[in-house]
Amino acid sequence: MTLDERIEKDLTELYQGKEIASAKDLKSVLDISAKGLPQHFVGDRNAKTVFVMLNPGKNVKKAYEDFEELTAGYDRTNATSFIKSYIDEKTNFGIKESEKNRKDSFDEKQAAFLKPFEDSGINIPAKFPDEKTYELCLQAKQNVLMQKLQLELLPYCSAKFSVNQKKANALIPFVETLLDEIFRVERKYVIFGGAIFADLFKKMQSENIKVEFFKEAKIQPVKNPLVAQLVKITKEGKSVNAVIARSFARQDIGRAYSVMAEYGKLCFELLKH
């Protein structure tokens, strides 16, 4: 299933007042929202840099409660117009009115991590993250949202990403959607933010998709090492090098921007070589 097909299916079901069937099917794998607004992507779908996260972090109950407010400005003439509103919002998420003056530590963490990536297409302010003034943080946040493509392994909200490993194979179709979108245009940098991606890549080797695992590297600026691994993904004859930032989702480094920049440099060096 392509990303556009998944968006159309999920948003049509929500428009019709139904639960998202794909999310309901995953209830035994992890506790996610089938009624809240999903987040399939944010930013520029043709960007040089793609960063794949785990899923939107929001409590299932709150995601449902927020749905009407979040879609209040959507065109509800029909399902097609509703979906267009959703796509427009996610494309321009970084500059929408409610985001313009809102600091966000997760997006600032992304910006710090991506700062060392040369010619990424993302304009991170030169003084960030060494200086963290309100203005610099807002500019870093806006650019990191607008100038890259952010994808989610699962587009459905949950308070935490805790997967039933015995049923993790159910996530493979979502990885296939991610790879379809990544390979849709040429990319310079592809980053997967979490150790689970290595496990899923090992499960999904097929005739059309092959993932080769190469060098692993680590640094230890904090108590537990930060680990990254280089992989080569081949899909239908086309290949791209990617890095699995296995430690990116760790809670203990979320606001340590200098540590995130150091970790980003490690990942960049892996990809560069």
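Below you will find a few notes about this structure. The structure presented is a predicted model; accordingly, all values stated were derived computationally and were not measured.

## Side note on the pattern of salt bridges
Here the structure, examined in full by the defined rule, presents 24 salt bridges. Residues E181 and R184 are paired through a salt bridge, measuring 3.1 Å at the closest nitrogen-oxygen approach. Residue classification places E181 among the buried positions, given a relative accessible area of 2%. E236 serves as the salt-bridge partner of K235, at 3.7 Å between the closest nitrogen and oxygen. Residue K235 is classed as buried on the basis of its relative accessible area of 12%. Among the ionic contacts, a cluster of salt bridges with common partners joins D4, R45, E181 and R184.

## Digging into helix α6 (residues 134-146)
For α6, which comprises 13 residues, the first-to-last C-alpha distance of 18 Å matches the rise-based estimate of 18 Å (1.5 Å per residue) to within 8%. If you check which residues of α6 are buried, you get L136, C137, L138, A140, K141, N143, V144 and L145. Among the structural elements, β1 (41-43), α5 (105-114) and β3 (149-152) are those in contact with the buried residues of α6.

## What about unusual backbone geometry?
Trans peptide bonds make up the majority, and among non-glycine residues the majority have a negative phi. Here the residue pair F128 and P129 is connected by a cis peptide bond, since its omega of 5° sits within 30 degrees of zero. Considering the arrangement of structural elements, one finds P129 in the loop between α5 and α6. One non-glycine residue with positive phi stands out, namely D119, at about 50°. In this fold, D119 is placed in the loop between α5 and α6. Although it is not a glycine, E236 adopts a positive phi angle of roughly 50°. Assignment of secondary structure puts E236 in the loop between β6 (226-235) and β7 (238-245). Overall, E236 belongs to the exposed group, its relative accessible area being 59%.

Basis of the calculations
Residues numbered from 1 in each chain as written. Predicted model: local features only at pLDDT ≥ 70, side-chain atom pairs only at ≥ 80, totals over all residues. Heavy atoms only, no water. Salt bridge = Lys/Arg side-chain N within 4 Å of Asp/Glu carboxyl O. Buried < 20%, exposed > 50% of the residue type's maximum accessible area, 1.4 Å probe, protein only. Helix = DSSP H or I, 4+ residues; strand = E, 2+ residues; numbered from the N terminus. Expected span 1.5 Å × (residues − 1). Contact = heavy atoms within 4.5 Å.

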